[in-house]
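Residue-level listing of the chains:
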Amino acid sequence: MRFMMITKEFEQPNSDTMPDAKGAATMMKYLESLEKAGVLLAFDGLRSAGMGARVSFSAAGQPLVTDGPFSETKEVVGGYWMIQVSSKEEAIAWAKRCPAFPNFAIEIRQVVEFADFPADVQEAAAIYPKLKAQCQSRSRT
Amino acid sequence: MTSQKVDKHMRFMMLMIPKGYEKATAGSMPDAKVVAEMMKYNKSLQQAGVLLALDGLHPPAMGARIRFSGGKPKVTDGPFSEAKEVIGGYWIIQVRSKEEAIEWACRSPLSEDCVIEIRQVQEMADFPPDVQQAAAGFAELQAGRPA
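Residues numbered from 1 in each chain as written. Chains lettered and ligands numbered in written order. Predicted model: local features only at pLDDT ≥ 70, side-chain atom pairs only at ≥ 80, totals over all residues.

**Topic: the overall build of chain A**
Put simply, the rule is: The helix and strand labels rest on DSSP assignments: H or I over at least four residues marks a helix, E over at least two residues marks a strand, and numbering proceeds from the N terminus. Buried, partly exposed and exposed are defined by the number of other C-beta atoms within 10 Å of a residue's own C-beta, namely 20 or more, between the two limits, and 12 or fewer respectively, with C-beta atoms placed from the backbone. Our contact criterion uses C-beta atoms placed from the backbone: two residues qualify when those atoms are within 7 Å.
What chain A contains, in helices and strands, is four helices and six strands. Counting helices and strands in the order they occur from the N terminus, chain A gives β-α-β-β-β-β-α-β-α-α. Taking the principal axes of its C-alpha atoms as reference, chain A extends roughly 50 × 45 × 30 Å. Sorting the 141 residues of chain A into buried and exposed places 34% on the buried side. For chain A, long-range pairs separated by at least 24 residues make up 72% of all intrachain contacts whose partners lie at least 6 apart in sequence.

**So, the overall build of chain B**
Helix and strand content of chain B: four helices and six strands. Expressed as a percentage of its 147 residues, the buried residues of chain B come to 35%.

**Side note on the interface of chain A and chain B**
This is how it is decided: The rule for pairing is simple: two strands pair if DSSP sees at least two bridges between them.
On the chain B side, the residues contacting the 63 residues of chain A number 62 residues. Sheet topology note: the strand 3 (residues 53-57) of chain A/strand 6 (residues 114-120) of chain B ladder contains four bridges and is antiparallel. Looking at the pairing, Ala53 of chain A lines up with Ile118 of chain B of strand 6 of chain B.

**Here's the deal with the pairing of strand 3 of chain A**
Residues and elements named next belong to chain A. Counted residue by residue, strand 3 has four buried out of five residues, so it is predominantly covered. Sheet topology places strand 3 next to strand 4 (residues 63-67); five bridges connect them, and they run antiparallel. Within strand 4, the position partnered with Arg54 by the bridge is Thr66.

**Considerations on the sheet that holds strand 5 (residues 75-84) of chain A**
Note the cut-off: Comment: axis = line fitted to C-alpha atoms, over the contacting stretch for helices; angle = value between 0 and 180 degrees taken between N-to-C directions.
Across the sheet, six strands lie side by side as 2(A)-5(A)-1(A)-6(A)-3(B)-4(B); this open sheet has antiparallel pairing. The open sheet terminates on both sides in strands that have one partner only, identified here as strand 2 (40-45) of chain A together with strand 4 (72-77) of chain B. The average undirected angle you get between the axes of adjacent strands in this sheet is 20 degrees. Bridge analysis of strand 3 (residues 64-69) of chain B against strand 4 of chain B gives six bridges, and the strand direction is antiparallel.

**Observations concerning unusual backbone geometry**
Of note, the amide linkage connecting Gly68 of chain A to Pro69 of chain A takes the cis form, showing an omega dihedral of 0 degrees. A cis amide bond, omega 0 degrees, links Gly78 of chain B with the succeeding residue Pro79 of chain B. Relative to the helices and strands, Pro79 of chain B resides in the loop between strand 4 and strand 5 (89-95).

**Remarks on the sheet that holds strand 2 (residues 51-56) of chain B**
Strand pairing in a sheet relies on backbone hydrogen bonds. The paired strands run either parallel or antiparallel. The strand order 4(A)-3(A)-6(B)-1(B)-5(B)-2(B) describes an open sheet built from six strands, whose pairing is antiparallel. Of all the strands in the sheet, the pair left with one neighbour each is strand 4 of chain A together with strand 2 of chain B. This sheet shows a mean twist of 20 degrees between the axes of neighbouring strands, independent of strand direction.

**Re the packing of helix 4 (residues 128-137) of chain A against helix 1 (residues 32-47) of chain B**
Keep this limit in mind: In these notes the angle categories are as follows: under 35 degrees is roughly parallel, over 145 is roughly antiparallel, 65 to 115 is roughly perpendicular, and the rest is oblique. Each helix crossing is assigned a hand: it is left-handed if the near helix lies turned anticlockwise from the far helix by less than a right angle, otherwise right-handed if that turn is clockwise.
Where helix 4 of chain A contacts helix 1 of chain B, the axes come no closer than 11 Å and their chain directions differ by 30 degrees. On the basis of their axis angle, the class for helix 4 of chain A and helix 1 of chain B is roughly parallel. Of the two possible hands of crossing, helix 4 of chain A and helix 1 of chain B adopt the one that is left-handed. Judged by residue contacts, Tyr128, Leu131 and Gln134 of chain A of helix 4 of chain A engage Met39, Asn42, Lys43 and Gln46 of chain B from helix 1 of chain B.

**With respect to the domain arrangement of chain A**
As a reminder of what qualifies: The domain limits used here are those given by an automatic or database domain assignment.
Taken domain by domain, chain A holds domain 1 (2-110) and domain 2 (113-141). If you average the C-alpha positions of domain 1 of chain A and of domain 2 of chain A, the two centres end up 23 Å apart.

**Some thoughts on the environment of Val95 of chain B**
All names here are of chain B. Mapped onto the fold, Val95 is located in strand 5. In this structure Val95 comes out as partly exposed when scored by C-beta crowding, with 18 C-beta atoms within 10 Å. For the pair Val95 and Met10, spaced 85 residues apart in sequence, the C-alpha separation works out to 5.5 Å. Contacts of Val95, omitting those with residues within four sequence positions, involve His9, Met10, Phe12, Val50, Glu100, Ala101 and Trp104.

Encoded structure:
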């Protein structure tokens, strides 16, 4: 099963939050432990919400763009890592080993697999497995 | 403006935030018609050569949250009563600018029940030198990703 571990940061400042060297080294050690255990699939950090944007849509589908930061929420996504494990309990066990940075939580979410879809959705999503395979072959640079 | 960056590609993560998804029950499935429209969009991203990754996420009811208190982890099973919004899925795209990423987000077949948050993905080169040194294994770790 795949799980996405999403970091949520509270009260993030508007300025671009770069990890400090010590924080980066600590996080690297943790990611390496996931890698050594053979569970790490992907990971990324995100630049600040202040550098981002949100797109909302009207009922007619008309997009409206708003620059970050976003007042709607006190929690900001800081980054994620994706793991492949046998159970939610195993994902939780890994999350508990994450370095305890201040003002942050880890949200553990199960990733949807094609096989999870009922037959009618699988039919509608017939190209999905191929899309996923093409993504994997276009490796991150 | 910064002409030297014209050919440089940046990665952006588009986080799909469906309204009310924080309350969705375990095993909730999207509507087949909605999925069909979304697949058309996903295919357009792929055909344009910008799609790096995408996934859907099961509702928080099937997840958990970890907070740290005094350095100790505290686990809460989903759903999360304090969450006002949650991610339903994401795309990672590689484009030349934030404006281009925004354009792609605007083309998605969504309506008022959904918001897309666009965030730039950190690259090694973005980090100050001391952080790059501390994260020295970063690039190898990423490069070592299985196909």
